[in-house]
Amino acid sequence: MKLMKLLVIFLLLITQFTFAQITGKIQDTSDNYPLEYATAALYNQADKSLVTGVVTNIDGVFIIENIKNGRYYLEASFVGYTTKIINNIVVSKANRRVDLGIINLVLGNQLNEVEITAERSTMINKIDRQVFDSKNFQSSQGGNATDVIKNLPSVTVDGLGDISVRGSKGFAILINGKPTQGDASAILAQLPANALEKVEIITAPSAKYDPEGKGGILNIITKKGATNGTFAQVSIRGGFPSIEPYDTQVAAQRYGADATINTKTDKWNLSFGTSYQRNDKTGRREGELWINNIDEGKQTFSPSDGERSFDDVNYNGRFTVDFTPSESDEFSVGFFAGKHTVDRLADITYFDNHAVSPIDSNNRLYTFSYYNHNLRTRKGDFVLGSFDYAHTFNDKSKLATSFLYEYTFLGGPTYNDNVDTPAYNTIYQAEYNTNDNPLHGVRFNLDYKWKPLSFGAIETGYQFRNIDHEGKFVYERADDGGDFIIVPEFSSNINLKRTIHSAYAQLTGAKAKWDYAAGLRLESMDRTYTEALVSEATENEYNYDFVKLFPSASLQYAVNEETKIKAAYSKRVERTTTLKMNSFAEREHSETFEQGDNRLLPEFIDLVELGITKDFNSKSSAYATAYYRHVNNVINRVNTLAYETNGVVIDSILNRVYSNVGKSKAVGLELGTQFKVQDKWSNFIGANIYNYNIDGEFVFRHRDGSEKTYEVSSNNTIYSFNINSTYSFWKNATAQFSFNYLSESNTAQGQDSRFYSPNLTLKKSFLDNQLTAILQWQNIDMGLLDSNEQSIATSRTNEFYTYTNYVYEVDMVTLNLTYTFNKVKNKSKFIESEFGKREF
């Protein structure tokens, strides 16, 4: 036994003093973006023979181990980039650890001493994600991040502005790889498109990521730079007068400005930014509703038509300070404060309202018309700060920690008035409800990464998240004298507290033609929700907790340099928000109450996918991914009949409820390709087709404690596609046509119609590319199409039918101007709201 131990020690000593290690980092030269899965191939300098090869990790870092003494050269390469050769690498007894530092790769194959003239690829495929260059979507410039991502394969934005990935509205947002908990649409609306560098879609995330989001993760990469100096940029945007007025009371206003200044030295990186955006949307709402009151044998009809517009104002200021005292240590402090206000005006005329008895007869009981003024204001004030620290050890292992605190104040009133029409003299009903919702959120991360094994790196970490969200809801109704009196059955106090502890371990590696990753995340969640009407002395408390494992795995095989096959599995969760748990009704508009479910369960998701990618050359590629997604506890917004406290059906109002409705399955195929028809004409097309099935039931709980169960069964095949076609007239002038289409889709109780939007963009640069002008024609219609229009229908046999058609503004023309004061690359990066925007 002693002899064996001595032999092992002897072999270890030989390894230690005979073999060496070569390390380095491969990144994009234009923006310092690390190139994950780039190839580092080591060759013998004498006979040019291949010694070994590895791929880079997520940070662009590679480690080549067990290298004998000798002289070598290294080739660094990545699809779409020019290969770079590092010569005269010497390994000797005196030089056992060779660090090649940063290796910058250039996109394309033409490099001029002054500027890079090669065209950037729109899409790059990696083992666990697709990476898209945001600058190639010209129709988004001057807008926000939503305008960028709606062009990506499998991403759709419907008529209500809801964003979906592969048909799922639940997905997580990362900003520069850091998690957020805000509502995805609100987060993306806060980010100027001009600030985006790349967008990554991670449909089957690994265990190191929070499992939030049934549609996966969108990682927004903001612009960074490569050189020291000061960068300053100012952008302004102005919209031309509306071509189609839609008979709105006030014309839409669209204008804005944002400014960024960034100063970078060897050790410091200071970023300051401010933005003001006014982005109104005008339009109309056409509707039809009928309700059957079986108990009274009566049927009520409510056709309607009128204005539905949005006034959207958003302004903020933020700064980030990064300090790098050495190659081993990095510090970062960030602060953000902003205000966001959205006024949704729905001034609707309900004409020819009538009731018949018996049901389906022509015997009218009454006929009348009225006008409904409904103004809903949603406010969100955000203040948050963050601190990050990372340390890299001599063996290239890395310890990172992050802390974020957020305070958000949400709220806003809703005015709902029913008056006679067309005289507008008599007030039938006047209601007012408001709410104050302060939110406190905390997140802490601790992550460690090292490579103790020859076949892979180990990543481990711990995360703590806590949210405390209060709500005070006041509902008032005017009496005959015009005084507003509180309505106790609709006025309430609520509180949601949720604490999450999670830990993960993951192995990532590569060998020969295989890339692989496997991990396991353990999460413990405790949720306490309390609520009480203002008239009640005691609170009702609802607790829910779980301890669950969230496994993940991915595998990729390189058939050759151009073709790769990959497979992945990921288990996810979609958590509930306070809005969807508030079981007390809120008057959404004249014909609708809206409420949540205090026992709402989170959704649990299993995703499996199998795909192939093919690179034809540096400008052309294609991919196809087949996927299967299974969801338990599906959350849908469903309609039921509304009841008085005594159980009597309200003839003209539906109850809109967030509820678990059972299980869903989606089986689909995602496709994407980029290609050039000719040298000046490039195209990018993405498509998704899937079959979506919902099967189960939901329970509606009345305030008196009684329950009613409704069955749910729905099935449909849905498809979408996004097209971007760009023609370059010369190097600083382009035209781009984009087209986004979403087919008819099914919901738990009905269907949404198709929705599409064509856009045309003209871009021209001046003054040695310091000034860029972009003229956008959005939602092209010209009275010939039905652009930017979508209808939603729901029904339940023998109970109700509702149809709403949303018609939003078309033929909008906007001019965007951006001026850069110098040519130092922007390295600005800012923190974003983690908790409050999800509720907003």
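The structure presented is a predicted model; accordingly, all values stated were derived computationally and were not measured.

Asker: Give a detailed account of unusual backbone geometry, specifying residues and quantitative values.
Answerer: Residue P358 is reached from S357 by a cis peptide bond, and omega for that bond is 0°. Turning to its location among the elements, P358 is positioned in the loop between β22 (329-356) and β23 (364-392). P422 follows T421 through a cis peptide bond whose omega is 10°. Of note in the backbone geometry, D360 takes a positive phi value of approximately 70° without being a glycine. Relative to the elements of secondary structure, D360 occurs in the loop between β22 and β23. A residue is classified by how much of its surface remains accessible, and D360, at 65% relative accessible area, is exposed. Phi at N788 takes a positive value of approximately 55°, unusual for a residue other than glycine. Residue position: N788 is located in the loop between β46 (771-778) and β47 (789-796). For N788, a relative accessible area of 11% translates into the label buried.

Asker: Tell me what's going on with the pairing of strand β33 (residues 586-589), and back it up with residues and numbers.
Answerer: Of the pairings in the sheet, the one linking β33 to strand β34 (residues 592-595) comprises three bridges and is antiparallel in character. Its bridge partner being in β34, R587 is matched across the sheet by F593. Joining the antiparallel neighbours β33 and β34 is a turn of two residues.

Asker: Can you explain a nonpolar patch on the surface? Please cite residues and give values.
Answerer: Taken together, the side chains of V333, F387, F403, Y405, Y407 and F409 define a hydrophobic patch exposed on the protein surface, amounting to about 490 Å² of accessible area. With four residues, the top contributor of residues to the nonpolar patch is strand β24 (residues 398-411). When you line up the elements, F409 lands in strand β24. On the basis of relative accessible area, F409 is assigned to the partly exposed category, the value being 30%.

Asker: How would you sum up the environment of K511? Please name residues and give values.
Answerer: Looking at the secondary structure, you find K511 in strand β29 (residues 492-511). A relative accessible area of 57% means that K511 is categorised as exposed. Residues K511 and F455, 56 residues apart in the sequence, show an inter-C-alpha distance of 6.9 Å.

Asker: How would you summarise the sheet that holds strand β37 (residues 635-643) if you had to cite specific residues and measurements?
Answerer: Paired through their backbone hydrogen bonds, the strands of a sheet run either parallel or antiparallel. Taken in spatial order, the four strands line up as β33-β34-β38-β37 in an open sheet, and their pairing is mixed. The two strands at the open ends of the sheet, each matched to only one other strand, are β33 and β37. Each strand axis lies, on average, 35° off the axis of its neighbour in the sheet, ignoring direction.

Asker: Quick one: what's the story with the side chain of E523, residue by residue and with numbers?
Answerer: Tracing the chain through its elements places E523 in strand β30 (residues 514-533). In this structure the side chain of E523 is engaged in a polar contact, spanning 2.6 Å, whose partner is the side chain of R575.

Asker: I'd love a proper account of the pairing of strand β25 (residues 414-420), names of residues and values included.
Answerer: Each regular strand shows side chains that alternate between the opposite faces of the sheet. The element β25 is extensively covered by neighbouring structure, given that five of its seven residues are classed as buried. Two elements, β23 and β25, share seven bridges in a ladder whose sense is antiparallel. Bridged to L375 within β25 is Y415. The pairing of β25 with strand β26 (residues 427-453) spans six bridges and is classified as antiparallel. The partner of Y415 across the bridge, within β26, is Y432. In textbook terms, the turn of a hairpin is the stretch between consecutive antiparallel strands, and for β25 and β26 this stretch comprises six residues, one of which, Y424, has a positive phi near 60°.

Asker: Tell me about the environment of S402, and name the residues and values.
Answerer: Looking at where S402 falls in the secondary structure, it is placed in strand β24. Look at S402 and you get buried, because its relative accessible area is 9%. Ignoring anything within four residues of it in the chain, the contact list for S402 reads F387, D388, R443, F444 and N445. Within the structure, S402 has its side chain in polar contact with the side chain of R443 (distance 3.3 Å).

Asker: Explain the nonpolar core to me, using residue names and the numbers behind them.
Answerer: Core analysis: the biggest nonpolar cluster contains 24 residues, and I22, I26, L35, L42, L74 and L105 have the highest contact counts within it. Elements that contribute at least two residues to this core include exactly β1 (20-28), β2 (39-44), β4 (61-67), β5 (70-77), β6 (84-91) and β7 (97-105). The residues touching L105, leaving out its near neighbours within four places in the chain, are I26, Q27, D28, T29, L35, A76, S77, F78, Y81, T82 and K84. In this structure, V631, V638, V657 and I694 belong to the second largest nonpolar core, which totals 21 residues.

Asker: Give me the lowdown on the sheet that holds β6, citing residues and values where you can.
Answerer: Strand order in the open sheet formed by four strands is β3-β2-β5-β6, with antiparallel pairing between adjacent strands. The sheet is open, and its two borders are formed by β3 (50-55) and β6, each paired with just one other strand. Ignoring which end each strand starts from, the neighbouring axes of this sheet average 20° apart. Judged from the six bridges that link them, β5 and β6 form a sheet pairing that is antiparallel. Bridged to E75 within β6 is I85.

Asker: Outline the pattern of salt bridges, listing residues and values.
Answerer: Enumeration over the complete set of coordinates arrives at 20 salt bridges. With its nearest N and O atoms 3.2 Å apart, the salt bridge here joins D99 to K396. In this pair, D99 sits in strand β7 while K396 sits in the loop between β23 and β24, placing the two residues 297 residues apart along the sequence. Across the salt bridge formed by D352 and R364, the nearest N and O atoms sit 3.0 Å from each other. Separated by 12 residues along the polypeptide, D352 in strand β22 and R364 in strand β23 bring together distant segments of the chain. A relative accessible area of 30% places D352 in the partly exposed class. The network of salt bridges with shared partners includes D210, E212, R465, E523 and R575.

Asker: Give me the lowdown on the packing of aromatic side chains, citing residues and values where you can.
Answerer: Taken as a whole and judged by the stated rule, the model has 35 aromatic pairs. Arranged with centres 6.2 Å apart and planes meeting at 55°, the rings of F729 and W730 form a pair that is tilted. The exposure class of F729 is partly exposed, given its relative accessible area of 39%. Overall, the relative accessible area of 49% leaves W730 in the partly exposed class. One aromatic cluster is present, built from ring pairs that chain together Y719, F721, F739, Y741 and Y756. Its guanidinium or amino end placed over the ring of F604, K548 lies 4.7 Å from that ring's centre, counting from NZ or CZ. Above the face of the F766 ring, K764 is positioned so that its terminal group lies 4.5 Å from the ring centre.

Thresholds, definitions, all that
- Within each chain, residue numbers correspond to sequence positions counted from 1 in written order.
- Per-residue local features of the predicted model are confined to residues with pLDDT of at least 70, and side-chain atom pairs are confined, for both listing and counting, to 80 or more; whole-chain, interface and lining totals are unaffected and use all residues.
- Hydrogens and water molecules were not included; the side-chain quantities draw on all heavy atoms of the structure.
- Put simply, DSSP H or I for four residues or longer makes a helix, DSSP E for two residues or longer makes a strand, and each gets a number counted from the N terminus.
- Whether a residue is buried, partly exposed or exposed follows from its accessible area with a 1.4 Å probe, protein chains only, as a fraction of its type maximum: under 20%, in between, or over 50%, in that order.
- A pair of strands counts as paired when DSSP detects no fewer than two bridges linking them.
- Within this analysis, patches are made of residues with over 30% relative accessible area and no salt bridge. Like charges are joined at 9 Å or less; nonpolar side chains (Val, Leu, Ile, Met, Phe, Trp, Tyr) at 5 Å or less.
- Only the protein chains shown count as cover for residues, and the accessible areas themselves come from Shrake-Rupley with a 1.4 Å probe.
- By definition here, a salt bridge exists when the distance from a side-chain nitrogen of Lys or Arg to a carboxyl oxygen of Asp or Glu is within 4 Å.
- Geometry is summarised by axes, namely lines fitted to C-alpha atoms with helices restricted to the contacting stretch, and by angles between N-to-C directions that run from 0 to 180 degrees.
- By the criterion applied in these results, polar contacts are pairs of N or O atoms within 3.5 Å in which, for protein atoms, one can donate a hydrogen and the other can accept it, and in which residues neighboring in sequence qualify only through two side-chain atoms.
- Note on contacts: a residue pair qualifies if any of its non-hydrogen atoms lie within 4.5 Å across the two residues.
- Here, nonpolar core refers to any group of buried Ala, Val, Leu, Ile, Met, Phe, Trp, Tyr and Cys residues whose side-chain atoms link them within 4.5 Å.
- Stacked, edge-to-face and tilted labels apply to pairs of Phe, Tyr and Trp rings (six-membered ring for Trp) whose centres lie within 6.5 Å, assigned for plane angles under 30 degrees, over 60, and everything in between, in that order.
- Counting as a charge over the ring demands two things of the Lys NZ or Arg CZ atom: a distance within 6 Å of the ring centre and an angle within 35 degrees of the ring normal.

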